[in-house]
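# Architecture at a glance
Letter by letter, the chains look like this.
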Amino acid sequence: MIARRHSTKCWLAISSIAMSWLLIGCGATQPIRVLPAQTAAVTASLGGPVVPGKSPTVITPYITGGVLYGASDNVTMHGNLHLLMTAFKVMGIDVGASTRILRGEGWTPEITGGIRAYGFVQLSDQPKPRLYPSISANASWTIRERDLIYVGSHLTAQFSPNETFVSPFIGYSVAASDNLSLQLECIWQASNHDTRSGVLEGISSIGGQGSFGIFIAGVIRL
């Protein structure tokens, strides 16, 4: 009985942390480079704020799964389901598109820009939908054939109250096989906001600002 109560408290803590993560502009790995035209891929990511002492897993286990499709050689469409939130009766999705701004060559980075909308709604008799538009840009360099190192940032907007959140990130993508790529990404979510109080209590903040998170992701080309 005690173990069950402890487990419930742990999941409530994870739920609260996950919701706080959403409210400052949900973070998950995005397409680093566009796909070739008429090709598709499936994606999955796991990660979140680093919160030792607040979550039994140290990193909040926020999970997403989605698809990518190359609408052209320069534009890739993408969408994700936010799978963890369904356990707490919240449906979450994001949809958007990324485009190649500059083709990389040698030491010249490839620049990719993206636009995305996050939508969340409670699965209850009184649903309260929320929408968070977001734009992003990143520069990536090819390392060792198909491996990539990249840096960039998200800019996410929240309505009621009106807020904007700047979230810089850095990551590495390694080609595990011809069709599988793995990503490791570190992100400073909401770096322009004081997060020393609230659910996270500054545990994962950097200098009292934002929330430091880590994501791992896989991309499988079909």
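Whatever comes next refers back to the structure up there.
Residues numbered from 1 in each chain as written. Predicted model: local features only at pLDDT ≥ 70, side-chain atom pairs only at ≥ 80, totals over all residues. Heavy atoms only, no water.

In terms of regular secondary structure, the protein chain is built from 1 helix and 10 strands. Counting all 222 residues of the protein chain, 43% fall into the buried class. Expressed as a percentage of contacts within the protein chain between residues at least 6 apart in sequence, the contacts between residues at least 24 apart total 52%. Carbon and sulfur atoms form 64% of the exposed surface of the protein chain, whose accessible area is close to 11,400 Å². (Helix = DSSP H or I, 4+ residues; strand = E, 2+ residues; numbered from the N terminus. Buried < 20%, exposed > 50% of the residue type's maximum accessible area, 1.4 Å probe, protein only. Contact = heavy atoms within 4.5 Å. Areas by Shrake-Rupley, 256 points an atom, 1.4 Å probe, with all protein chains shown as cover.)

Taken together, the side chains of Leu 46, Ile 63, Leu 81, Leu 83, Met 91, Ile 93, Val 95, Leu 123, Leu 184 and Ile 216 make up a nonpolar region of the molecular surface, amounting to roughly 820 Å² of accessible area. With 3 residues, strand S4 (residues 90–102) is the single largest residue contributor to the nonpolar patch. Examined against the element boundaries, Ile 63 turns out to sit in strand S2 (residues 62–70). A relative accessible area of 34% means that Ile 63 is categorised as partly exposed. (Patch = residues over 30% accessible without salt bridge, like charges linked within 9 Å, V, L, I, M, F, W, Y side chains within 5 Å. Salt bridge = Lys/Arg side-chain N within 4 Å of Asp/Glu carboxyl O.)

Looking now at the sheet that holds strand S8 (residues 163–175). If you walk around this closed barrel you meet the 10 strands as S1-S2-S3-S4-S5-S6-S7-S8-S9-S10, and the pairing is antiparallel. Strand after strand, the sheet turns through a mean of 20 degrees between neighbouring axes, direction not considered. (Pairing = 2+ DSSP bridges. Axes fitted to C-alpha atoms, helices over the stretch in contact; angles between N-to-C directions.)

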